[in-house]
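# Summary of structural features
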Amino acid sequence: MIQPWEKNMLGIIEKAIMAANIGLTPVNNGEVIRINVPPLTEERRHQLVKQVRNEGETAKISIRNSRKWGNDEFKGLLKDGLPEDLEKNAVEEIQQMTHDYTLKVDKVMATKEKDIMTV
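As the structure is a computational prediction, the values presented were derived from the model and not from experiment. (Residues numbered from 1 in each chain as written. Predicted model: local features only at pLDDT ≥ 70, side-chain atom pairs only at ≥ 80, totals over all residues. Heavy atoms only, no water.)

### Some thoughts on the overall build of the chain
Stated formally: Runs of E in the DSSP output that reach at least two residues are strands. Runs of H or I that reach at least four are helices, and both are numbered from the N terminus. Taken over C-alpha atoms, the radius of gyration is set against a globule rule of 2.2 Å times the number of residues to the power 0.38. Residue contacts are defined here by distance: any two heavy atoms, one from each residue, within 4.5 Å place the two residues in contact. In this description, accessible areas are obtained by the Shrake-Rupley approach with a 1.4 Å probe, and a residue is regarded as covered only by the protein chains that are shown.
Within the chain, the secondary structure is distributed over three helices and two strands. Helices and strands in the chain line up, N terminus first, as α-β-β-α-α. Taken over C-alpha atoms, the radius of gyration comes to 23 Å for the chain, far larger than the 14 Å a tight globule of 119 residues would show. Dimensions along the principal axes, computed over C-alpha positions, put the chain at roughly 70 × 35 × 20 Å. For the chain, contacts bridging at least 24 residues in sequence account for 47% of all contacts bridging at least 6. When the accessible surface of the chain is split by element, carbon and sulfur atoms take 56% of a total near 9,400 Å².

### Topic: the environment of D72
Heads up, the condition is: Only protein chains enter the calculation, and the probe is 1.4 Å; a residue is then buried if its accessible area is under 20% of its type maximum, exposed if over 50%, and partly exposed in between.
Position of D72 among the secondary structure elements: in helix α2 (residues 42-79). The exposure class of D72 is partly exposed, given its relative accessible area of 36%.

### Observations concerning the packing of α2 against helix α3 (residues 84-117)
The relative placement of two packed helices comes down to the angle between their axes together with the axis-to-axis distance. What counts, and what does not: As a rule, the C-alpha atoms of each element are fitted with a line to give its axis, helices using only the stretch in contact, and angles between N-to-C directions run from 0 to 180 degrees. Geometric relationships in this document are graded by angle, where less than 35 degrees denotes roughly parallel, more than 145 denotes roughly antiparallel, 65 to 115 denotes roughly perpendicular, and other angles denote oblique. Gly falls in the polar group here, along with every residue not listed as nonpolar (Ala, Val, Leu, Ile, Met, Phe, Trp, Tyr, Cys, Pro) or charged (Asp, Glu, Lys, Arg).
Two elements in contact, α2 and α3, have axes separated by 10 Å at closest approach and are oriented at 175°. Overall, the two elements α2 and α3 adopt an arrangement that is roughly antiparallel. Looking at the contact of α2 with α3 residue by residue, the classes come out as 15 nonpolar, seven polar and 12 charged.

Encoded structure:
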C-alpha cells in the first residue's frame, strides 16, 4: 500500500508503477494505491533466476575490468620507474583479489538462486 503525503501525486505514482513494467497492477482508490503481489509461478521463478545470472555476470565483468585497469596502472608505473618485482607482486595480488571476489559473486548467485527456487 502506498499513501503519498500529497493526494495529487497518486496519478503520477500510479503511472510510474505501470511504466516500470514489473508485472504489478496498481489500484488507485483516490486516497491510496494498493498493489497486489501475486505468488511466484514456476515460470516467473525461472525468469528471476535468469536475471540473477545476468546480474552476476555483469558483476564479474566489472571485476575483470577493474583488474585490467589496475594492471594497466601498474604497467604505467613500471615505465615510470617502479621496480619489476613490485609490479609483479601487485599484479599477482590483483589477480588473487579478482579470483576471491569472483568466488564471492558465485556464492551470492547460488544462494539467491536457491532462495528464489524454494517454494
